[in-house]
Amino acid sequence: QVQVQESGGGSVLVGGSLRLTCALSGSTAIGWFRQAPGKERELVAAIGRRGDKTYYGDSVTGRFTVSRDNAKNTVTLQMDSLKPEDTAVYYCATYLNGIFIPTRDTDIGSWGQGTQVTVSP
């Protein structure tokens, strides 16, 4: 089973940018999720194993970009024009059999440990 680990979180002011990286132990479709305190987990973006299919949640469309470098086994989430409501713990996760929307727990193989993103006014 492919394992993943996130890096790149931090604090930024409104309108700023951050880049998150997910390091993979193999090749599979990847989803970026986030969860803020008191809120349900939200699928932010996803990318297919070959990088030819992507998905974005409505709240981040036009601001976030997901990409992958299969030679390096990494998936990147570029986050621009950040808003306070983007504050959350961000997780990357592996899809067992391709991207499924909505994503069920049984669609996910493994989760990273999460990285905090904080956007301040």
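Let me begin by describing the structure that accompanies this report. Just so it is clear, the structure is predicted and the values come from calculations on it, not from any experiment. (Residues numbered from 1 in each chain as written. Predicted model: local features only at pLDDT ≥ 70, side-chain atom pairs only at ≥ 80, totals over all residues. Heavy atoms only, no water.)

The side chains of a regular strand alternate, residue by residue, between the two faces of the sheet. Among the 6 residues of strand E5 (residues 42–47), 5 are classified as buried, and the element is accordingly described as predominantly covered. Looking at chain direction, strand E4 (residues 30–35) and E5 are connected through 5 bridges and run antiparallel. Within E5, the position partnered with Arg34 by the bridge is Glu42. Here E4 hands over to E5 after 6 residues, with Gly38 in that stretch at a positive phi of 80 degrees. Both E5 and strand E6 (residues 54–56) contribute to a ladder of 3 bridges, which runs antiparallel. (Buried < 20%, exposed > 50% of the residue type's maximum accessible area, 1.4 Å probe, protein only. Helix = DSSP H or I, 4+ residues; strand = E, 2+ residues; numbered from the N terminus. Pairing = 2+ DSSP bridges.)

With that out of the way, let us pick up the nonpolar core. One recurring pattern in soluble globular proteins: nonpolar side chains tend to sit buried together. Judged by nonpolar contacts, the single largest core of 25 residues is most densely connected at Trp32, Phe64, Val75, Leu77, Met79 and Tyr90. At 4 residues, the largest contribution of residues to this core is made by strand E3 (residues 18–24). Formed by 7 residues, the second largest nonpolar core is a distinct cluster that contains Ala29, Phe33, Ala93 and Ile108. (Core = buried A, V, L, I, M, F, W, Y, C linked by side-chain atoms within 4.5 Å.)

This part is about the state of the cysteines. If you walk through the whole model with that rule in mind, you get 1 disulfide. Linked covalently through their sulfurs, Cys22 and Cys92 form a disulfide whose S-S length is 2.2 Å. Judged by the sign of its S-S torsion, about 70 degrees, the bond between Cys22 and Cys92 is right-handed. Within this pair, whereas Cys22 is found in strand E3, its partner Cys92 is found in strand E9 (residues 88–95), the two being separated by 70 residues in sequence. Like Cys22, the residue Cys92 is buried in the burial classification. (Disulfide = S-S within 2.5 Å.)

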